[in-house]
Amino acid sequence: MSTRADHGDELIPRPEQTPEALRAALAVVAPGRLPEMRRTKDEAFAEAVKWQSLGPVQSWVLAWARDIEIARRPDLSVRHARAKINLEHEHPAVARTALRELTAVLEEAMEAVRV
């Protein structure tokens, strides 16, 4: 996939939606989150065995693909960070606007990675 799209420069190409490709991408864009990824992967696989369903694994892949999409795209990353900061704002209107923006960023990233 191209490293340039209509939304601006991307730090890395969008990875394939496999655990190894996602891990490799995360190691580049947010290496500090690798332990979290490992932990949530273990949890998802344990739930998959318990429920006898691939649903938890599929959800794990999609959630990490979304988070990597945000991290690899500076346009989304900046909006995401700004919204998270303003969620705790003392003015309720600012916090509500931040919540709407955070939701919009998450939805845009999810739409980009859905296959």
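Keep in mind the model is a prediction, meaning the values are calculated, not measured.

**As for the pattern of salt bridges**
The tally for this structure, following the rule as stated, stands at 13 salt bridges. In this structure, Arg14 and Glu69 form a salt bridge, with 2.8 Å as the shortest nitrogen-oxygen distance. With Arg14 in the loop between β2 (8–9) and α1 (19–29) and Glu69 in helix α3 (residues 55–72), the pair connects residues that are 55 residues apart, well separated along the chain. Of the residues examined, Arg14 reaches a relative accessible area of 23% and is grouped as partly exposed. Residue Glu69 is classed as buried on the basis of its relative accessible area, which comes to 0%.

**Thoughts on empty space enclosed by the protein**
Counted under the stated rule, the structure contains 1 cavity of 30 Å³ or more. Each pocket or cavity is described by its volume, and for the largest cavity that value is around 40 Å³. Forming the walls of the largest cavity are Arg14, Pro15, Gln17, Leu22, Ala65, Ile68, Glu69 and Val113. Take the lining of the largest cavity: its biggest share by element is 3 residues, from α3.

**Here's the deal with the packing of α3 against helix α4 (residues 74–86)**
Contact geometry of α3 with α4 gives a least axis separation of 5 Å together with a crossing angle of 100°. One way to sum up the angle between α3 and α4 is to call them roughly perpendicular. Residues Glu69, Ile70 and Arg72 of α3 pack against Pro74, Leu76, Ser77 and His80 of α4.

**Quick notes on the environment of Ala63**
Tracing the backbone shows Ala63 in helix α3. Judged by relative accessible area, Ala63 falls into the partly exposed class, the value being 25%. Remark: the alpha-carbon pair of Ala63 and Glu10, spanning 53 residues in sequence, is separated by 19 Å.

**Some points on α3**
For α3, spanning 18 residues, the distance from its first C-alpha to its last is 25 Å, which sits close to the expected 26 Å at 1.5 Å a residue. Every buried residue belonging to α3 is among Pro56, Val57, Trp60, Val61, Trp64, Ala65, Asp67, Ile68, Glu69, Ile70 and Arg72, and all of these are buried. Against α1, α2 (34–51), α4 and α5 (92–113) lie the buried residues of α3.

**Points about the side chain of Asp67**
Note on placement: Asp67 falls in helix α3. Here the side chain of Asp67 touches Arg33 through a polar contact of 3.0 Å, side chain to side chain.

**Some details on the environment of Ile70**
The topology assignment puts Ile70 in helix α3. When its relative accessible area of 6% is taken as the criterion, Ile70 is described as buried. Along the chain, Ile70 and His80 lie 10 residues apart, while their C-alpha atoms are 7.6 Å from each other. Look past the residues within four positions of Ile70 in its chain and what remains in contact with it is Leu76, Ser77, His80, Val105, Leu106 and Ala109.

Criteria and cut-off values
- Residues numbered from 1 in each chain as written.
- Predicted model: local features only at pLDDT ≥ 70, side-chain atom pairs only at ≥ 80, totals over all residues.
- Heavy atoms only, no water.
- Salt bridge = Lys/Arg side-chain N within 4 Å of Asp/Glu carboxyl O.
- Helix = DSSP H or I, 4+ residues; strand = E, 2+ residues; numbered from the N terminus.
- Buried < 20%, exposed > 50% of the residue type's maximum accessible area, 1.4 Å probe, protein only.
- 1 Å grid on protein atoms, 1.4 Å probe; cavity = no way out; pocket = protein on both sides within 12 Å on 5 of 7 lines; lining within 4 Å.
- Points joined across faces, edges and corners; volume = space filled by probe spheres on them.
- Axes fitted to C-alpha atoms, helices over the stretch in contact; angles between N-to-C directions.
- Parallel < 35°, antiparallel > 145°, perpendicular 65-115°, else oblique.
- Contact = heavy atoms within 4.5 Å.
- Expected span 1.5 Å × (residues − 1).
- Polar contact = N/O pair within 3.5 Å; in protein donor to acceptor, adjacent residues only side chain to side chain.

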